[in-house]
Amino acid sequence: MPVSPGPKRPAAPRSTPATMLRLLDWVRPVLPRIVMGGITALLASLMALAIPQVLRVVIEGPLLSSGSVTGLVWATALVLALGLIEAFLVWCRRVFIATAATGAEHDMRVELYHRLLDLPIAFHNRTSGGQLIQRSMGDLSAVRRWVAFGFVMMVVSSATIVVGVVLMIVNAWQLGLLYLVGAIVMVVLTFRLRRSYGAAARRARDQAGDLATNVEESVQGIRVLKAFGRGEDAHEDFFSQADELRRTELVKAGAQARITAVLTILPESLLAVSLGLGAYLVVHDQLTIGALSAFFVTAAVVNRPVEMLGNLLAMTLDARAALDRYLDVIDLPNPLTDPADPARLPAPATPEGSTVELRDVVVQFSPDEAPVLDGVDLVLPPGRTTALVGLTGSGKSTLLALLPRLLDTTSGSVLLDGVDVRDLSRRDVRSIVAPAFEDSVLFSTSVRDNVLMGAAATARAESTEGTDADGAAVLTPQEEDTRLAEALEAAQADFVADLEDGTDTIIGEEGLSLSGGQRQRLSLARAIAARPRVLVLDDPLSAVDVATETAATDALRRLLPGTTTLVVAHRPSTVALADHVVVLEGGRITGAGTHTELLAGHPHYRYVLTAMEQEHPADEDVADAEQAVDEVEHEIIDEAEQEAELDARLQDEEVAR
Ligand SMILES: Nc1ncnc2c1ncn2[C@@H]1O[C@H](COP(=O)(O)OP(=O)(O)OP(=O)(O)O)[C@@H](O)[C@H]1O
């Protein structure tokens, strides 16, 4: 599967300040705490700057002129007090900022998750999982670190430098001005170097996402990798991706090193020049020793934030790259939206059940490509089962995705009991249309939770059950038990009774491993437990035998008599169980009727059935093949036993001799 860095960046790139300002959307509620944090940090810095001024008073005042011990004690106490206040203010900064930053990170993470659930399937098809995990974890951590430390320290450092330079000018204007000129040169050079770091920072984050995708896919596909002996190739792929990331990190480190070098060499050189010039000024009585000392101690305090600016700039560019990736997803327009004023959910159009109608439906994924569905007109008979048959790629899954509104038509409409699905809220549509897919997805929770997942939503739509404070339906424990038992029985999932904890057994990725057929049965049970008005099945029983499929279909008819069902059929047995069959050929419906009618008069239908039979041989053939395998296995075992007997006899003879 190709690895993609995810959504494309917006056409007009944002500047770093404009990007960082977007953070206000999440930071605004905690802004007072951040401002308080900033103020305490600033005060702490001012305390640090105040200490050299006390030093000047000490040198020029009590210590050198009057020799007063009391004055010296007071001055010492003052420096100690300033130090203690500085430490207390630093502690306050951490408390204020940490809670604010983690709160903003939490809100951003929740919003991203909500967005991922909201975005259409097409987005998830083209975006790799690792990239999304990286966005929700690593990228957001970088943003939090910047809010908690980078931003505040950037403001505080800048303020400290400005105040410090002013004090340096006040203490020794000649030396202060020299430092100011040097500071301007530093800023210009640093901003020139930032470009290469910024580009590498974005590249590194995209590459880290690719790496996460690689790990995720390798773990998920571990069986395939092992079975095909591709472990070595996978290892090489991973190695080269990891190496690419390493090289980008080195580019970042190089750029940061250059910035840090400028921000270290220049101020240190300035101090050296200032020392010579300062000594000259003192000798020629143009500067006092106290003022020179105060200048140097102030310069030492200012140099700390100046040197830190390099790291802070790198942190800002890292956070900007991370925030850009986050906003790429958050700002993505969702073509599947709810109407401003959704229509009320209609009642079933007929006593037999709901009707579903597709009117002149066209689906085209890209203007450069031919439509996948082209002028489809289709009515699903209420309360009956319709099988959708077609060659691979004919558009069956695409058509199915239109019913629960996982996808919208390019033109034409899909009507549920006479109402266009786009006029209903997506929540309402999905509360009456339940899907089950061939690729059954189970979550890392109990059988019970997996199966009852959609039951509450449909119960709310039926509105005969109780509701909770949010208006969502709540099934009583007894009702839940009944639904669970019925759904498991109908889906032929009786194996659940033999699991160690029955319906409370934890399954899914982190739980018990189930066979493909068992997973499919639970996925079907989930759709049944929802008691939908419309059931959409994308070949959900492909991994079970024909007898189980027949039993499940019978149970479905009994349990959900008024449910209108559309099932994609990949084998003749599924077609045979349907009331009505529709043939899809290159995105168009070319035939509809009963299995017998189509068999008699539709050549493409016969061709598709023949193709299905070749792909899914009848169960008798499979049974024959299994028996043949059994016989061969028995022969091998017999031969092995005979050889063992022969060996034992030869050994006995040897011993006897
Ligand atoms: N999100 C998408 N973007 C672009 N093309 C797509 C997308 N989804 C499906 N297609 C294309 O639409 C065509 C029909 O796909 P679809 O999955 O509906 O066929 P199908 O009949 O269900 O096939 P199969 O029997 O193999 O599952 C294919 O050519 C597929 O590549």
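The rules behind the values
Residues numbered from 1 in each chain as written. Predicted model: local features only at pLDDT ≥ 70, side-chain atom pairs only at ≥ 80, totals over all residues. Heavy atoms only, no water. Pairing = 2+ DSSP bridges. Helix = DSSP H or I, 4+ residues; strand = E, 2+ residues; numbered from the N terminus. Axes fitted to C-alpha atoms, helices over the stretch in contact; angles between N-to-C directions. Contact = heavy atoms within 4.5 Å. Core = buried A, V, L, I, M, F, W, Y, C linked by side-chain atoms within 4.5 Å. Buried < 20%, exposed > 50% of the residue type's maximum accessible area, 1.4 Å probe, protein only. Expected span 1.5 Å × (residues − 1). Salt bridge = Lys/Arg side-chain N within 4 Å of Asp/Glu carboxyl O. Near = heavy atom within 4 Å. Polar contact = N/O pair within 3.5 Å; in protein donor to acceptor, adjacent residues only side chain to side chain. Areas by Shrake-Rupley, 256 points an atom, 1.4 Å probe, with all protein chains shown as cover. Nonpolar A, V, L, I, M, F, W, Y, C, P; charged D, E, K, R; others polar. UniProt positions renumbered as here; feature names shortened; annotations may be inferred. pLDDT = per-residue confidence, 0-100.

Draft legend 1. Here's a closer look at the sheet that holds strand β3 (residues 385-390). Strand order in the open sheet formed by six strands is β6-β9-β10-β3-β11-β12, and the pairing between neighbours is mixed. Each edge of the open sheet is held by one strand with a lone partner, namely β6 (433-437) and β12 (588-593). Ignoring which end each strand starts from, the neighbouring axes of this sheet average 20 degrees apart. Looking at chain direction, strand β11 (residues 580-585) and β12 are connected through five bridges and run antiparallel. What sits directly across from Leu-584, in β12, is Ile-589. This element, helix α16 (residues 516-529), spans β6 and β9 (534-538) of the sheet and lies at about 175 degrees to β6.

Draft legend 2. Fine view of the nonpolar core. Grouped together as the largest cluster of nonpolar side chains are 47 residues, with contacts concentrated most on Val-451, Leu-488 and Leu-522. Counting residues per element, this core draws most heavily on α16, which supplies six residues. Not counting residues within four places of it along the chain, the set of residues in contact with Leu-522 comprises Leu-442, Val-447, Val-451, Leu-488, Ala-493, Phe-495, Val-496, Ile-507 and Leu-514. Residues Ala-41, Leu-119, Leu-140 and Ile-330 belong to the second largest nonpolar core, which totals 32 residues.

Draft legend 3. How the structure looks around α16. Taking 1.5 Å of rise per residue, the 14 residues of α16 would be expected to cover 20 Å, and the 20 Å separating its terminal C-alpha atoms lies within 8% of that figure. For α16, the buried fraction is high: eleven of the 14 residues fall into the buried class. What α16 keeps buried is the set Gly-517, Gln-520, Arg-521, Leu-522, Ser-523, Leu-524, Ala-525, Arg-526, Ala-527, Ile-528 and Ala-529. Two residues or fewer after α16 comes Arg-531, characterised by a positive phi angle close to 45 degrees.

Draft legend 4. The arrangement of the pattern of salt bridges in detail. What the rule picks out here adds up to 27 salt bridges. Asp-233 is the partner of Arg-230 in a salt bridge, and the nearest nitrogen-oxygen pair spans 3.1 Å. According to the relative accessible area criterion, Arg-230 is partly exposed, its value standing at 44%. Classification of Asp-233 as partly exposed rests on a relative accessible area of 31%. Across the pair Glu-480 and Arg-448 runs a salt bridge, and its minimum N-O distance is 3.6 Å.

Draft legend 5. Spotlight on the site of the ligand. Every residue lining the ligand is accounted for by Asn-125, Phe-365, Val-372, Leu-391, Thr-392, Gly-393, Ser-394, Gly-395, Lys-396, Ser-397, Thr-398 and His-570. Interatomic distance of 2.6 Å between a side-chain N/O atom of Thr-398 and an oxygen atom of the ligand. Between His-570 and the ligand, the recorded distance is 3.2 Å, taken from a side-chain N or O atom to an oxygen atom. In isolation the ligand has 640 Å² of accessible area, and contact with the protein removes 60% of it. By residue class, the composition of the shell around the ligand is three nonpolar, eight polar and one charged.

Draft legend 6. Up close: the UniProt feature "transmembrane region" (unreviewed entry) in the chain. Within the UniProt annotation, "transmembrane region" (unreviewed entry) is assigned to residues 30-51, 71-92, 146-170, 176-193 and 259-281. Measuring from the first to the last C-alpha atom of residues 30-51 gives 32 Å, for a span that is 95% helix and 0% strand. Between the end C-alpha atoms of residues 259-281 the distance is 33 Å, and the span holds 100% helix and 0% strand.

Draft legend 7. Spatial organisation of the sheet that holds strand β1 (residues 356-363). With respect to topology, four strands assemble into an open sheet ordered β2-β1-β4-β5, the strand pairing being antiparallel. Across the chains shown, the open sheet's two edge strands, defined by having one partner strand only, are β2 (373-380) and β5 (419-420). Relative to β5, strand β4 (residues 411-416) is paired through two bridges, and the arrangement is antiparallel. Across the sheet, residue Leu-416 finds its bridge partner in β5, namely Val-419.

Draft legend 8. Up close: the confidence of the model for the chain. Averaged over every residue, the pLDDT of the chain is 83; the share at 70 or more is 86%. A low-confidence stretch, residues 464-470 stays under pLDDT 50, and its non-local contacts, those more than four residues away or across chains, total 13 contacts. Segment residues 619-630: pLDDT under 50, and three contacts once partners within four positions in sequence are set aside and those in other chains are kept.

Draft legend 9. Local environment of the environment of Met-47. Tracing the backbone through its elements, the reader meets Met-47 in helix α3 (residues 31-66). The buried category is assigned to Met-47, whose relative accessible area is 18%. Sequence separation of Met-47 and Ile-85 is 38 residues, and the distance between their C-alpha atoms is 7.4 Å. Residues within four places of Met-47 in sequence aside, it is in contact with Leu-82, Ile-85, Glu-86 and Leu-89.

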